[in-house]
Amino acid sequence: MDSQIVVHNGGCHCGKVRWRVQAPSSVVAWKCNCSDCSMRGNIHFIIPSQTFELLGDSKEYITTYTFGTHTAKHTFCKLCGITSFYIPRSNPDGVAVTFRCVDPGTLTHVEIRQYDGKNWESSYNQTCIAACSKAPEQGMSPS
């Protein structure tokens, strides 16, 4: 996969939540079958939190939902309801970006992998997903 780091812009449907991330142009995105992700149809790639920036007054339009362990912070726009990013349970030090919420033109390839959120602990141990939120020199890439 191409490891060239580019700037991706994106946000919610109504445009009130906007953000910028630095990430590869080719990403691994996770399709999770947990109760929340499967109902929303969310497929996301994970980045280190320091590479994510909320823009303008976006914070005013975000609300958060938690459940279960309350580790994941499911954020969504108060106006249109779209979850364009959130803090995942698997990577509380990172940000999960909904790849379909990235503005067109900067993602060159998206490889979709399955994450078995119904069997969260075993999937966490088998996928190396925790490495996704580490800076390249800190962690390994998921394989």
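Definitions and limits used
Residues numbered from 1 in each chain as written. Predicted model: local features only at pLDDT ≥ 70, side-chain atom pairs only at ≥ 80, totals over all residues. Heavy atoms only, no water. UniProt positions renumbered as here; feature names shortened; annotations may be inferred. 1 Å grid on protein atoms, 1.4 Å probe; cavity = no way out; pocket = protein on both sides within 12 Å on 5 of 7 lines; lining within 4 Å. Points joined across faces, edges and corners; volume = space filled by probe spheres on them. Helix = DSSP H or I, 4+ residues; strand = E, 2+ residues; numbered from the N terminus. Nonpolar A, V, L, I, M, F, W, Y, C, P; charged D, E, K, R; others polar. Buried < 20%, exposed > 50% of the residue type's maximum accessible area, 1.4 Å probe, protein only. Polar contact = N/O pair within 3.5 Å; in protein donor to acceptor, adjacent residues only side chain to side chain. Pairing = 2+ DSSP bridges. Axes fitted to C-alpha atoms, helices over the stretch in contact; angles between N-to-C directions. Phe/Tyr/Trp six-rings, centres within 6.5 Å; stacked < 30°, edge-to-face > 60°. Salt bridge = Lys/Arg side-chain N within 4 Å of Asp/Glu carboxyl O.

Looking at an unreviewed UniProt entry, one finds the protein chain named CENP-V/GFA domain-containing protein, with Jatropha curcas as its source organism. Listed in UniProt under the heading Sequence similarities (unreviewed entry), the comment for the protein chain reads: "Belongs to the Gfa family."

Time to look at the layout of surface pockets. The volume enclosed by the second largest pocket comes to roughly 310 Å³. In terms of lining residues, the second largest pocket is bounded by 22 residues, among which Cys34, Phe67, Ala72, Arg89 and Trp120 are the most central. Every element with two or more residues in the lining of the second largest pocket is listed here: strand E3 (26-32) and helix H1 (35-40). Residue classes in the lining of the second largest pocket are distributed as 11 nonpolar, 9 polar and 2 charged.

Right, let's talk about the side chain of Asn91 for a bit. By the secondary structure assignment, Asn91 is in the loop between strand E8 (85-86) and strand E9 (94-98). Relative accessible area serves as the criterion here: at 0%, Asn91 is assigned to the buried category. A polar atom in the side chain of Asn91 sits 2.9 Å from the side chain of Ser133.

The strand order E1-E2-E5 describes an open sheet built from 3 strands, whose pairing is antiparallel. The open sheet has two edge strands, strand E1 (5-11) and strand E5 (52-54), and neither has a second partner. Each adjacent strand pair in this sheet contributes to an overall mean axis angle of 20°, direction not counted. With 3 bridges joining them, strand E2 (residues 18-24) and E5 adopt antiparallel strand pairing. The residue of E5 that forms the bridge with Arg20 is Glu53.

Before going further, it helps to examine the packing of aromatic side chains. Under the criterion given, the structure shown has 4 aromatic pairs. Ring centres 6.2 Å apart and planes at 90° place the aromatic pair Trp30 and Tyr115 in the edge-to-face group. Of this pair, Trp30 sits in strand E3 while Tyr115 sits in strand E10 (residues 109-115), placing them 85 residues apart in sequence. Judged by relative accessible area, Tyr115 falls into the buried class, the value being 5%. For the ring pair Tyr65 and Phe67, a centre distance of 5.7 Å and an interplane angle of 25° mean the geometry is stacked. A residue is classified by how much of its surface remains accessible, and Tyr65, at 41% relative accessible area, is partly exposed. According to the relative accessible area criterion, Phe67 is partly exposed, its value standing at 31%.

This model, assessed by the stated rule, comprises 5 salt bridges. One salt bridge connects Arg20 with Glu53, and the closest N-O pair in it is separated by 3.2 Å. You can see Arg20 sitting in strand E2 and its partner Glu53 sitting in strand E5, a full 33 residues away along the chain. The exposure class assigned to Glu53 is partly exposed, which follows from its relative accessible area of 39%. One salt bridge connects Arg113 with Glu111, and the closest N-O pair in it is separated by 2.7 Å.

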